[in-house]
Amino acid sequence: MNARKRSGLIWGVLAWAVGIGMFFPVLWMVLTAFKQEGDAYTDPPKLLFTPTLDQFSAVLDSGIGTSLLNSTFATAVSTALVLALGIPAAFALSLRPVRKTRDALFFFIGTKMLPVVAAIVPLYVIVGDIGLLDNIWALVILYTAMNLPIAVWMMRSFFLEVPGELLEAASMDGASLVTSMREVILPLVAPGIAATALICVIFSWNEFFFAVNLTAVQAQTMPVFLVGFITGEGLYWARLSAAAVLAALPVVLAGWLAQNKLVRGLSFGAIK
């Protein structure tokens, strides 16, 4: 075996080891979800056990449906609003740039520099004054504002990959700007839109800080629901793992369904 093949084999084994190491906590969480609480607490950990669905049944009976619906609503609506606002903004800053484009871009991303803990007190006061405490629409608004700067930057990088000559050709054929956008540009950047949407979905679905401080019962989301399994009586590992599996499943399925467009979108320009 020559030096190049030996080096490739070493790097391949190292990559597999790192990948397995990063995936192992997820695998262990899934295995723990099928254990009884007694089996989940053994030391050393019990690798051979009788699988059970008792923990999933207990989680489903504990009211996960409301939290799941709240997370789904907040994530879906905020992502739709982000795309509706971010795509035209990114288009204007790329193919049809406005004055001081760089200043506008840094203004967008500058809103992400403020730590959320520094903004929670004024946000709490504002949300309380307008009557949106423990209201899912408060999270929709905040998630939209939270993800919009990232979406604008990502979508702009995708639009920059589209040749400007396409718009000129469409204009010469008599197409309006709206028609050119709908019929020419958007089909080309569809993988980028899918990648941006998935990033927004992940950020919104996993967001915890705003949800735990601005909601109580009616607008409780999945991350806040998971914290409920940490009680003064102890930490229910098996039941918490089952709830975490159910909470992660929608995002995993969304990523799996959009994996082709996600890979194409990331290679199209988002990581450049």
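The structure contained in this document is the topic of the report that follows. (Residues numbered from 1 in each chain as written. Predicted model: local features only at pLDDT ≥ 70, side-chain atom pairs only at ≥ 80, totals over all residues. Heavy atoms only, no water.)

Turning our eyes to something else, we now look at the overall build of the protein. Secondary structure assignment for the protein yields 14 helices and two strands. Summarising its shape, the C-alpha atoms of the protein cover approximately 70 × 70 × 30 Å along the three principal directions. Relative to its full complement of 272 residues, the protein shows a buried share of 36%. Here the analysis covers contacts within the protein between residues at least 6 apart in sequence; of these, 76% occur between residues at least 24 apart. With the model as given, the accessible surface of the protein reaches about 15,900 Å², and the carbon-plus-sulfur share is 70%. Of the side chains in the protein, 16 bear a positive and 15 a negative charge, and the two mean positions are spaced by 15 Å. (Helix = DSSP H or I, 4+ residues; strand = E, 2+ residues; numbered from the N terminus. Buried < 20%, exposed > 50% of the residue type's maximum accessible area, 1.4 Å probe, protein only. Contact = heavy atoms within 4.5 Å. Areas by Shrake-Rupley, 256 points an atom, 1.4 Å probe, with all protein chains shown as cover. Lys, Arg positive; Asp, Glu negative; His and termini not counted. Charge placed at Lys NZ, Arg CZ, Asp CG, Glu CD.)

What follows deals with helix H7 (residues 136-160). For H7, which comprises 25 residues, the first-to-last C-alpha distance of 35 Å matches the rise-based estimate of 36 Å (1.5 Å per residue) to within 8%. Along H7, the sharpest change in direction is near 35 degrees and occurs at Leu-148; proline Pro-149 comes one to four residues later. With respect to burial, H7 is a largely interior element, 19 of its 25 residues being buried. Sitting at the amino-terminal end of H7 is Asn-135, which places a side-chain oxygen 2.9 Å from the backbone nitrogen of Trp-137. (Expected span 1.5 Å × (residues − 1). Bend = angle between axes of the 7 residues up to and from the residue. Polar contact = N/O pair within 3.5 Å; in protein donor to acceptor, adjacent residues only side chain to side chain.)

Glancing now at a nonpolar patch on the surface. A cluster of nonpolar side chains, contributed by Phe-23, Phe-24, Val-26, Leu-27 and Leu-31, occupies part of the molecular surface with about 430 Å² of accessible area. With respect to the secondary-structure elements, Val-26 resides in helix H1 (residues 3-33). (Patch = residues over 30% accessible without salt bridge, like charges linked within 9 Å, V, L, I, M, F, W, Y side chains within 5 Å. Salt bridge = Lys/Arg side-chain N within 4 Å of Asp/Glu carboxyl O.)

This part is about the environment of Leu-68. Summarising the element assignment, Leu-68 is placed in helix H4 (residues 64-92). Looking at Leu-68, the relative accessible area reads 31%, which means it is partly exposed. Remark: the alpha-carbon pair of Leu-68 and Leu-114, spanning 46 residues in sequence, is separated by 29 Å. Not counting residues within four places of it along the chain, the set of residues in contact with Leu-68 comprises Trp-205, Met-222 and Pro-250.

The residue Gly-174 is located in the loop between helix H8 (165-172) and helix H9 (177-188) in this model. Judged by its relative accessible area of 62%, Gly-174 is exposed. Residues Gly-174 and Ala-190, 16 residues apart in the sequence, show an inter-C-alpha distance of 24 Å.

Ile-87, Phe-91, Leu-95, Met-155, Phe-159, Ile-185 and Val-189 are the most contacted members of the largest nonpolar core, which totals 18 residues. Those elements giving two or more residues to this core turn out to be H4, H7, H9 and helix H10 (190-206). In terms of residue count, H7 provides more of this core than any other element does, five residues in total. The next biggest cluster of nonpolar side chains, apart from the first, holds 16 residues, and it includes Ala-74, Phe-210, Leu-214 and Ala-219. (Core = buried A, V, L, I, M, F, W, Y, C linked by side-chain atoms within 4.5 Å.)

Attention shifts here to the side chain of Ser-241. Tracing the backbone through its elements, the reader meets Ser-241 in helix H13 (residues 237-257). Of the polar contacts made by the side chain of Ser-241, one reaches the backbone oxygen of Trp-237; its length is 2.8 Å.

What follows is about the side chain of Asn-70. Relative to the elements of secondary structure, Asn-70 occurs in helix H4. The exposure class of Asn-70 is buried, given its relative accessible area of 11%. Apart from residues lying up to four places away in sequence, Asn-70 is in contact with Ile-136, Gln-218, Ala-219, Gln-220 and Thr-221.

Another aspect to go through is unusual backbone geometry. Positive phi is not limited to glycine here, since Asp-134 has a value of about 55 degrees. You can see Asp-134 is positioned in the loop between helix H6 (116-129) and H7. Asp-134 gets classed as buried once you look at its relative accessible area, which sits at 18%.

All right, on to the packing of H1 against H13 then. Packing of H1 against H13 brings their axes to within 7 Å, and their N-to-C directions diverge by 115 degrees. Judged by the sense of rotation from one axis to the other, the crossing of H1 with H13 is left-handed. Residues Met-29, Val-30, Thr-32 and Ala-33 of H1 pack against Trp-237, Ala-238, Ser-241, Ala-242, Ala-244 and Val-245 of H13. Residues belonging to the contact of H1 with H13 are distributed by class as follows: eight nonpolar, two polar and no charged. (Axes fitted to C-alpha atoms, helices over the stretch in contact; angles between N-to-C directions. Left-handed = near helix turned anticlockwise from the far one by under 90°. Nonpolar A, V, L, I, M, F, W, Y, C, P; charged D, E, K, R; others polar.)

Taking 1.5 Å per residue, 31 residues should reach 45 Å; H1 reaches 45 Å between its end C-alpha atoms and fits that length. Where H1 bends most, the angle comes to about 35 degrees, and this point is Phe-24, followed within four residues by the proline Pro-25.

Looking now at the packing of aromatic side chains. What the rule picks out here adds up to five aromatic pairs. Here Phe-24 and Trp-28 contribute two aromatic rings whose centre-to-centre distance is 5.9 Å and whose plane-to-plane angle is 25 degrees, an arrangement assigned as stacked. Note that Phe-24 and Trp-28 are positioned in helix H1 at a spacing of four residues, about one turn of the helix. According to the relative accessible area criterion, Phe-24 is partly exposed, its value standing at 45%. Between the aromatic rings of Phe-34 and Phe-56, the centroid separation amounts to 5.1 Å while the plane-to-plane angle is 50 degrees, which identifies the pairing as tilted. Placement of Phe-34 in the loop between H1 and helix H2 (37-40) and of Phe-56 in helix H3 (residues 54-61) is noted, with a sequence separation of 22 residues between them. You can call Phe-34 partly exposed: its relative accessible area is 29%. Judged by relative accessible area, which is 12%, Phe-56 ranks as buried. (Phe/Tyr/Trp six-rings, centres within 6.5 Å; stacked < 30°, edge-to-face > 60°.)

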